[in-house]
Amino acid sequence: MASSFKDKGLIWPLIVVALLLSSVGMMMGVVIIAKSDGGAQVVDDYYDRAVAWDSLNSLDQAFIDQGWLTYLILDASTGRLVVQDSLGIRLSDLTGSVEMTRPQSAATGITTLFQYQEVDSSYTFEVGSLSPGLWDFTFNTSYARQVLSFSLRKEVR
C-alpha cells in the first residue's frame, strides 16, 4: 500500500525546497529586469557640461523670465511649436534649433533647425520617425539678440 508524502514525513522538506527554488527564480527575474535597460549610460562631455552649467541654466532662466507659453504638437513626421508672449500674442521672430533626445538615454540626440510658418504663426521642424515613448525637445533659440533655451517633454505614440 502506497503511503502519502505526509506519512513518510516528506511534506516539510518539499515545502522548504519549493521556497528555496522560488526565491532563486525571483532573484533571477530581478537580475533580468535590472539588465534590460541597456546598462550604464555614459554622458558625452559630462565635465564640460558641468563646468558650463551656470551659463546653460541662465539661458533657461532667461526664457522663464520672459513669461512665454509654449505648445508642442507632433504629427507623423513633423513637429510644430507655438510660442506666445505673456499677452497671448504669437512670436514670429525666433530662430534656432531643436534637439530631440530620450530622457533615459545619454546618447546624443537628433538636432534640426526649425522654420517659421506664416500660415499659422508656428515653427515647424522635421522629427523623422521617432519611436514611441517619452522624448525631450530642447530648443536653443535667438530672440532680439538674446539667446534663450527651453525644454519640453512629450510622449510619442
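Preceding this section is the structure that the text describes.
The rules behind the values
Residues numbered from 1 in each chain as written. Predicted model: local features only at pLDDT ≥ 70, side-chain atom pairs only at ≥ 80, totals over all residues. Heavy atoms only, no water. Pairing = 2+ DSSP bridges. Helix = DSSP H or I, 4+ residues; strand = E, 2+ residues; numbered from the N terminus. Axes fitted to C-alpha atoms, helices over the stretch in contact; angles between N-to-C directions. Salt bridge = Lys/Arg side-chain N within 4 Å of Asp/Glu carboxyl O. Buried < 20%, exposed > 50% of the residue type's maximum accessible area, 1.4 Å probe, protein only.

The next subject is the sheet that holds strand 6 (residues 122–126). Ordered by their spatial adjacency, four strands build an open sheet running 1-2-6-5, and the pairing between neighbours is antiparallel. Of all the strands in the sheet, the pair left with one neighbour each is strand 1 (69–74) and strand 5 (115–117). Sheet twist, expressed as the mean angle between neighbouring strand axes with direction ignored, is 30°.

Pairing within the open sheet is antiparallel, and its four strands lie in the order 4-3-7-8. Edge positions in the sheet fall to strand 4 (110–113) and strand 8 (146–156), since each of these pairs with one other strand and no more. Direction aside, neighbouring strands of the sheet carry axes that sit 20° apart on average.

This part is about the pattern of salt bridges. This model, assessed by the stated rule, comprises three salt bridges. With a closest N to O distance of 3.2 Å, R80 and D120 form a salt bridge. Taken together, the positions of R80 in strand 2 (residues 78–84) and D120 in the loop between strand 5 and strand 6 put the pair 40 residues apart, joining distant regions of the chain. Judged by its relative accessible area of 26%, D120 falls in the partly exposed class. A salt bridge links E155 to R157; the shortest N-O distance between them is 3.7 Å. For E155, a relative accessible area of 46% translates into the label partly exposed. Note on R157: relative accessible area 82%, which makes it exposed.

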